[in-house]
Amino acid sequence: MSHVPQPKRHPYDQWSPDARALDLVGDKWTLLIVRDLAAGPRRFVELQRVLPGISTEQLRSRLNRMVADEMLTRRRFREVPPRVEYELTDRARELMPVLGELARWGYEWAWGPPRESEAVDVSAIFRLVPGLISCNGTPGTVELIVRDDEKTVAYCCTLAADGVTIVEREARSPDARVIGSCSDWIRALVPDGDREGLEISGNRSLAEKLLECLAGRARTANTHPLPGVAPVAA
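Now for a description of the structure that goes with this document. Remember, predicted model here, so these are calculated numbers, not experimental data.

**Re the pattern of salt bridges**
So, point 1. If you walk through the whole model with that rule in mind, you get 16 salt bridges.
So, point 2. Two residues, glutamate 101 and arginine 104, come together in a salt bridge whose shortest N-O distance is 2.6 Å. Placement of the pair is glutamate 101 and arginine 104 together in helix H6 (residues 96–109), with a separation of three residues, close to one helical turn.
So, point 3. Overall, glutamate 101 belongs to the partly exposed group, its relative accessible area being 43%.
So, point 4. Among the residues examined, arginine 104 registers a relative accessible area of 12% and is labelled buried.
So, point 5. Residue arginine 187 pairs with aspartate 184 through a salt bridge whose shortest N-O separation is 2.5 Å.

See below:
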């Protein structure tokens, strides 16, 4: 894989590493597409669902560009109707710590309750986990669940010696589980929020440490070890 980005239609034309990086990721939506593929491959329609503000043409253009820049792979399945999935390459995955630092800056200087014009999807914050947290060898799995009348969404967050991953699926025998409605999660994640509405089971210390990171209250989350784990009782 070449490390030299392809020429852009509107490059910064500066010989500096930050300008070269922004040639790849400086377009609107690009970093959010990376975030939303951090939990695994998605189809075009699934990306539209988690990025409600993007037009069909904008999304198609961004995905094509990111494939050309070797930040995404496009996989076609021989099915009827046709199915195409997009997945991050290693080049794009290495942006997760950058997204984590950007999120920490956002927590410090731009965070607050949802605005009326903003789409609310707390899962978008969950998908930042690989950039917000690192693990120094203490293994563990935490299941994060958003449960409302219309649907239930589950994420499996796995902490391992080689890093932290998150996948949009139910966890098998997690060490901790956190369940709440969308409104419960919003109350927990806003500044000075509370977790009274969240149901926590299993290793509470592990779950609360993860929640501190998700709410932007653990300023040194990437350097501190997460506590030991004990499986959730069946």
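Still more ground to cover, so stick around.
**Looking at the nonpolar core**
So, point 1. Counting residues in hydrophobic clusters, the biggest one holds 56 residues, and the most contacted among them are Ile33, Phe126, Leu144, Val178, Trp185 and Leu214.
So, point 2. Counting residues per element, this core draws most heavily on helix H10 (residues 204–214), at six residues.
So, point 3. With sequence-adjacent residues up to four places away left out, isoleucine 33 is seen in contact with Leu51, Leu59, Arg62, Leu63, Met66 and Leu72.

Cut-offs applied
- Residues numbered from 1 in each chain as written.
- Predicted model: local features only at pLDDT ≥ 70, side-chain atom pairs only at ≥ 80, totals over all residues.
- Heavy atoms only, no water.
- Salt bridge = Lys/Arg side-chain N within 4 Å of Asp/Glu carboxyl O.
- Helix = DSSP H or I, 4+ residues; strand = E, 2+ residues; numbered from the N terminus.
- Buried < 20%, exposed > 50% of the residue type's maximum accessible area, 1.4 Å probe, protein only.
- Core = buried A, V, L, I, M, F, W, Y, C linked by side-chain atoms within 4.5 Å.
- Contact = heavy atoms within 4.5 Å.

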